[in-house]
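Residue-level structure breakdown
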Amino acid sequence: MAESTPMEIQPATVTEPMPAKPIFKPLKAHEMSDGKVQFRKVSVPSNRYTPLKKAWLDIYTPVYDQMKIDIRMNLKARKVELKTRADTPDVSNLQKSADFVHAFMLGFDIPDAISLLRMDELYVESFEIKDVKTLKGEHQSRAIGRLSGKGGKTRFAIENSTKTRIVIADTRIHILGAFSNIKVARSSLCSLIMGSPAGKVYSKLRGVSERLAERC
């Protein structure tokens, strides 16, 4: 009869404690780009050159002091140049500053454009009347008149209902606001371009503004 071999009992392995979770400090803007300075350039249209000179201090102060972005006006190239600094806290500040300057160039007022620096969910959308409907001559002029309304009444009504800001520059239309609000404002403007009477657009806006108020 074969002899039974004793079972070998392995000693219980002692589990080593997990190493402490490393804590990484957030990288600064110049560290994220390997120390390289990042640039943005915004072209200055001829019709915004004089307003830019008058409002330069209002543009320069929030960009330089709050966003920690260097900004200068290149008179030869007619461009506003922006670049990151060693103390720029977030690399996204450069794009926010460029969007702010670009919004001013499109015709938005400083108090409206500066909201792009303070809120992340705001955008600027642009389109032309011909993107909606091909109009020429007096038909195009009447469409532009319908968009503004008497004394800007229609435009103000759309702005207040959708919490957006609208700039009508000849045949180009620029809308500043949140994504969903821009969609509603553009729909109303497109209806006016297509020939809908202002009263019909107002009635639709009342229902939309109530729904937007409920979401908030």
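Throughout this document, residue positions are counted from 1 along each chain, in the order its sequence is written. Local features in a predicted model are, by the rule used here, given only for residues with pLDDT of at least 70; side-chain atom pairs are given and counted only at 80 or more, and totals for whole chains, interfaces and linings are based on all residues. Side-chain numbers here rest on the full set of heavy atoms in the structure, without hydrogens or water.

Heads up, the rule is: UniProt positions are given in the numbering used here, feature names are shortened, and annotations may be inferred rather than shown by experiment.
Per an unreviewed UniProt entry, the protein chain goes by K Homology domain-containing protein and derives from Arabis nemorensis. Listed in UniProt under the heading Subcellular location (unreviewed entry), the comment for the protein chain reads: "Nucleus, Nucleolus". For the record of the protein chain, the UniProt heading Sequence similarities (unreviewed entry) holds the text "Belongs to the PNO1 family."

**Some words on the layout of surface pockets**
This is how the line gets drawn: Using a 1 Å grid laid over the protein atoms alone, points where a 1.4 Å probe fits but cannot get out form a cavity; open sets with protein on both sides within 12 Å along at least 5 of 7 lines form a pocket; any residue with an atom within 4 Å of a point counts as lining. Grid points are joined across faces, edges and corners, and a volume is the space filled by probe spheres set on the points. In this text, helices come from DSSP runs of H or I with a minimum length of four residues, and strands from runs of E with a minimum of two, each type numbered from the N-terminal end. Think of it as three bins: nonpolar holds Ala, Val, Leu, Ile, Met, Phe, Trp, Tyr, Cys and Pro, charged holds Asp, Glu, Lys and Arg, and polar takes everything else, Gly as well.
One number sums up the size of the largest pocket: a volume of about 220 Å³. Considering every element that reaches the lining of the largest pocket, the biggest residue donor is strand β6 (residues 172-178), with three residues. For the lining of the largest pocket, the class distribution of residues is four nonpolar, four polar and four charged. Taken as a whole, the second largest pocket encloses approximately 150 Å³ of empty space. Contributing to the lining of the second largest pocket are S92, Q95, K96, D99, H102, L116, M119, D120, L122, Y123 and V124.

**Quick look at helix α10 (residues 179-194)**
Formally: To estimate how far a helix should reach, multiply one less than its number of residues by 1.5 Å. The cut-offs for exposure are 20% and 50% of the maximum accessible area for each residue type, with area from a 1.4 Å probe on protein chains only; residues under the lower value are buried, those over the upper are exposed, and the others partly exposed.
The end-to-end C-alpha distance of α10 is 22 Å, a good match for the 22 Å that 16 residues give at a rise of 1.5 Å each. Buried within α10 are the following residues: N181, I182, V184, A185, S188, L189, C190, S191, L192 and I193. Positive backbone phi, approximately 115°, marks G195, located one or two places after α10.

**Here's the deal with the sheet that holds strand β4 (residues 122-128)**
Heads up, the condition is: Paired strands are those between which DSSP finds at least two bridges. Where helices are involved, their axes are fitted lines through C-alpha atoms of the stretch in contact, as for all axes, and angles between N-to-C directions lie from 0 to 180°. What makes two residues a contact is simply this: any of their non-hydrogen atoms within 4.5 Å.
Within the open sheet, the three strands sit side by side as β4-β6-β5. Their pairing is antiparallel. The sheet is open, and its two borders are formed by β4 and β5 (165-169), each paired with just one other strand. Geometrically, the sheet is characterised by an average inter-axis angle of 15° between neighbouring strands, direction not taken into account. Where α10 meets the sheet, its contacts fall on β4, β5 and β6, and the angle it forms with β6 comes to roughly 150°.

**Concerning the packing of aromatic side chains**
Basically, it comes down to this: Only the six-membered ring of Trp is used, alongside the rings of Phe and Tyr, when aromatic pairs are assigned; centres must lie within 6.5 Å, and planes under 30 degrees apart are stacked while those over 60 apart are edge-to-face, with the rest tilted. Two thresholds decide whether a charge sits over a ring: the Lys NZ or Arg CZ must be within 6 Å of the ring centre and within 35 degrees of the ring normal.
Following the criterion strictly, the structure yields two aromatic pairs and no others. With a centroid separation of 6.3 Å and 40° between ring planes, the pair formed by W56 and Y60 is classed as tilted. Here Y60 and W56 lie together in helix α3 (residues 56-66), a separation of four residues that amounts to about one turn. Looking at W56, the relative accessible area reads 22%, which means it is partly exposed. A centroid spacing of 5.3 Å and a plane angle of 10° characterise the contact between Y60 and Y64, whose relative ring orientation is stacked. Of this pair, Y60 and Y64 both sit in helix α3, four residues apart, which is roughly one turn of that helix. By relative accessible area, which is 27% here, Y60 ends up partly exposed. Taken together, W56, Y60 and Y64 form an aromatic cluster joined through their ring pairs. Residue placement shows R48 over the ring face of F104; its charged tip is 4.5 Å from the ring centre. Here the basic side chain of R85 rests over the ring of Y64, its NZ or CZ set 4.3 Å away from the ring centre.

**Some remarks on the environment of V201**
Residue placement: V201 occurs in helix α11 (residues 198-215). Judged by relative accessible area, V201 falls into the buried class, the value being 4%. Through-space distance from the C-alpha of V201 to that of A157 is 9.8 Å; in sequence the pair is 44 residues apart. Dropping the residues within four chain positions of it, V201 is found in contact with S188, S191, L192 and S196.

**Re the side chain of T154**
Topologically, T154 is positioned in helix α9 (residues 153-162). Since its relative accessible area comes to 4%, T154 is described here as buried. With residues up to four places along the chain from it excluded, the contact list for T154 reads R146, L147, S148, G149, L192, A198 and Y202.

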